[in-house]
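Here is what each chain is made of, one letter per residue.
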Amino acid sequence: MTLQLYNTLGRTKQPFEPLEEGRVRMYNCGPTVYSFAHLGNFASFLLADVLRRYLEYSGLEVVQVMNITDVGHLTQDDLANAQGEDKLEKAAREERKDPFQIARFYEEAFHEDRKILNLLPAAVYPRATEHIPEMIALIEELMSQGLAYESGGQIYFSIERYPRYGILSGNTTDELIAGHRVDTDPLKRGPLDFTLWKRDPAHLMQWDSPWGRGFPGWHIECSAMSRKYLGEVFDIHTGGEDNIFPHHECEIAQSSGGGDRVFARYWLHRRHILVDRRKMSKSAGNFFTIRDLLRRGCTGLEIRAVLIGTHYRSQLNFTMESVEGAREAIRYLREFRVNMDGLPQTPPPPGALDAIEDLARRWDGEFRSAMDDDLNVSGALAAVHGFVREAYKTCGERPSGERAIRQLNAWDRVLGILDPQVEGASAEGSGREPEGLSDHEVEDWVARRAEARRRRDFAESDRIRDWLRDRGIAIKDGREGTRWHRVL
Ligand SMILES: [Zn+2]
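This section reports on the structure supplied with the text. All figures in this text were calculated on a predicted structure; none of them were measured in a lab. (Residues numbered from 1 in each chain as written. Predicted model: local features only at pLDDT ≥ 70, side-chain atom pairs only at ≥ 80, totals over all residues. Heavy atoms only, no water.)

Some points on the sheet that holds strand β12 (residues 278–279)
Sheet strands line up and pair through hydrogen bonds in the backbone, either parallel or antiparallel. Read across the sheet, 3 strands follow the order β12-β11-β13 without closing on themselves; strand pairing throughout is mixed. For this open sheet the edge positions go to β12 and β13 (317–318), each flanked by a neighbour on one side alone. Bridge count between strand β11 (residues 274–275) and β12: 2 bridges; the pairing is antiparallel. Its bridge partner being in β12, Val-275 is matched across the sheet by Arg-278. (Pairing = 2+ DSSP bridges. Helix = DSSP H or I, 4+ residues; strand = E, 2+ residues; numbered from the N terminus.)

Side note on the coordination of the zinc ion
Within the protein, the zinc ion binds to Cys-29 (SG), Cys-222 (SG) and His-247 (NE2); these donor distances fall in the range 2.1 to 2.2 Å. Summarised as a motif, the one-chain spacing of the donors to the zinc ion is C-x192-C-x24-H. Within this pair, whereas Cys-29 is found in the loop between β3 (23–28) and α1 (39–57), its partner His-247 is found in helix α7 (residues 244–254), the two being separated by 218 residues in sequence. The burial state of Cys-29 is the same as that of His-247; both residues are buried. (Donors = N, O, S within 2.8 Å, 3.2 Å for Na, K, Ca; no water. Buried < 20%, exposed > 50% of the residue type's maximum accessible area, 1.4 Å probe, protein only.)

Brief notes about empty space enclosed by the protein
What the rule picks out here adds up to 5 cavities of 30 Å³ or more. Looking at the largest cavity, its volume works out to about 100 Å³. Around the largest cavity, the lining residues are Ala-43, Leu-46, Leu-47, Val-50, Arg-270, Leu-307, Ile-308, Thr-310, His-311, Tyr-312, Leu-375 and Val-377. In terms of residues, the lining of the largest cavity owes the most to one element, α1, which gives 4 residues. Looking at the lining of the largest cavity residue by residue, the classes come out as 9 nonpolar, 2 polar and 1 charged. Two domains each put at least three residues into the lining of the largest cavity: domain 1 (21–270) and domain 2 (278–415). (1 Å grid on protein atoms, 1.4 Å probe; cavity = no way out; pocket = protein on both sides within 12 Å on 5 of 7 lines; lining within 4 Å. Points joined across faces, edges and corners; volume = space filled by probe spheres on them. Nonpolar A, V, L, I, M, F, W, Y, C, P; charged D, E, K, R; others polar. Domains from an automatic or database assignment.)

Some remarks on the nonpolar core
By size, the foremost hydrophobic cluster in this structure holds 88 residues, and its most contacted members are Leu-39, Ile-236, Ile-303, Leu-307, Phe-367, Leu-375 and Phe-387. At 12 residues, the largest contribution of residues to this core is made by α1. Residues from two domains meet in this core; each of domain 1 (21–270) and domain 2 (278–415) gives at least three. Setting aside anything within four residues of it in sequence, one finds Ile-303 in contact with Leu-39, Leu-117, Ile-290, Leu-293, Leu-294, Cys-298 and Phe-318. Within the second largest apolar cluster, 45 residues are counted, among which are Cys-29, Phe-194, Trp-211 and Met-225. (Core = buried A, V, L, I, M, F, W, Y, C linked by side-chain atoms within 4.5 Å. Contact = heavy atoms within 4.5 Å.)

Focus: the sheet that holds strand β7 (residues 194–198)
With antiparallel pairing, 4 strands are arranged side by side in an open sheet as β5-β6-β7-β8. Every interior strand has two partners, whereas the edge strands, β5 (148–151) and β8 (215–216), have only one. Judged from the 2 bridges that link them, β7 and β8 form a sheet pairing that is antiparallel. Of the residues in β8, the one forming a bridge with Lys-198 is Phe-215. Relative to β7, helix α4 (residues 132–144) is tilted by about 125°, and along the sheet it contacts β5, β6 (154–157), β7 and β8. (Axes fitted to C-alpha atoms, helices over the stretch in contact; angles between N-to-C directions.)

Right, here's the structure in full:
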């Protein structure tokens, strides 16, 4: 069976074939860096991460691009037009900092959290603020195609000129207008037209353009940056389900090339998550960033395991009990690895290697067919557990134990819940420290890591770094030596 993915465009499961043989080009809507990314944001980024890991496991090369929205988009953007207060500026005012400084701070925090959740780095993280010329060029093209117009110094996309509007979300323009999901911007020709370039003297971030100083709309950034890094047509575009409309619908309109082109071939959306059976909100007290959860004693890998453990199109309910469950599962699989490693070194009984080889192949078939079915991670995990159960019965000797460990590690390249492998670093009795390490303990590990680096044992030094990262400690090596800080 080949990989089947549920394509929001068409709302069916479709066999996945990359445009270019052996190479997949993928764009993920990334974080808006005006605050810490929350659990729901990471649930969507993890869909992209698991997909990328599985494509690589299947032997494909993946070019992954995730944008950093640092221009700051608009709070009321669900109307696909520019009104409401800019979140980045609000944050800047509240924190009394330059908006660029705020954006860099939260961008760094995003990367720290990303590493804690064991997300592989994308090939590029383009910042919107560094691609203003590309956005202006695209807007000019849209104007020359008659798809965009200027009005009062602002540039709008003309929905009237693009009859395919609604192709992704299924919304029709009549319904949208009838549902009053429109505003009354007097500069707009059509009620659904959305802003490509906006003029607002109060906005803190401003750039020169052929239409005077202003700033780009949110949707245009993804169209411009995906084209720059992945080309006019590429394979996969992901996001959260709340991105379907208006954001992705508008991206498709902007990237249509003035015709029928749908620039991304497969659209995958992560369904929004619940926390304690309710929608996450600050007022309900169930709004979590990754840092909040680390403070409550979760590890990054446990959070990851919960977030990927429910199918991406099903509604995930995140609870502390689900974290406990993930903790148990991770412990069980790690124990298996330790047990297999600790088997006595004696020659295997006749046939033992073949038996584990057969087992590994059979369960890998199960693992793959689950993942091929639109990334059924829980099915894949069931295969891992099936293998572990049978391997305990089958392999009695060390060489086959090594084969079993190799198989488990191979699967974990997709799941990423056992890596970083912390057993080595925690061997001296400290174990898992859900409450966090004391400064003294951290210093101790940093010194041990420095020692490993001196002996050029980089595997060990990386292991310690990863182990600390899993506990919310970030390490930076500089000229003056190693510095560390808590990301909590
Ligand atoms: Zn986007």
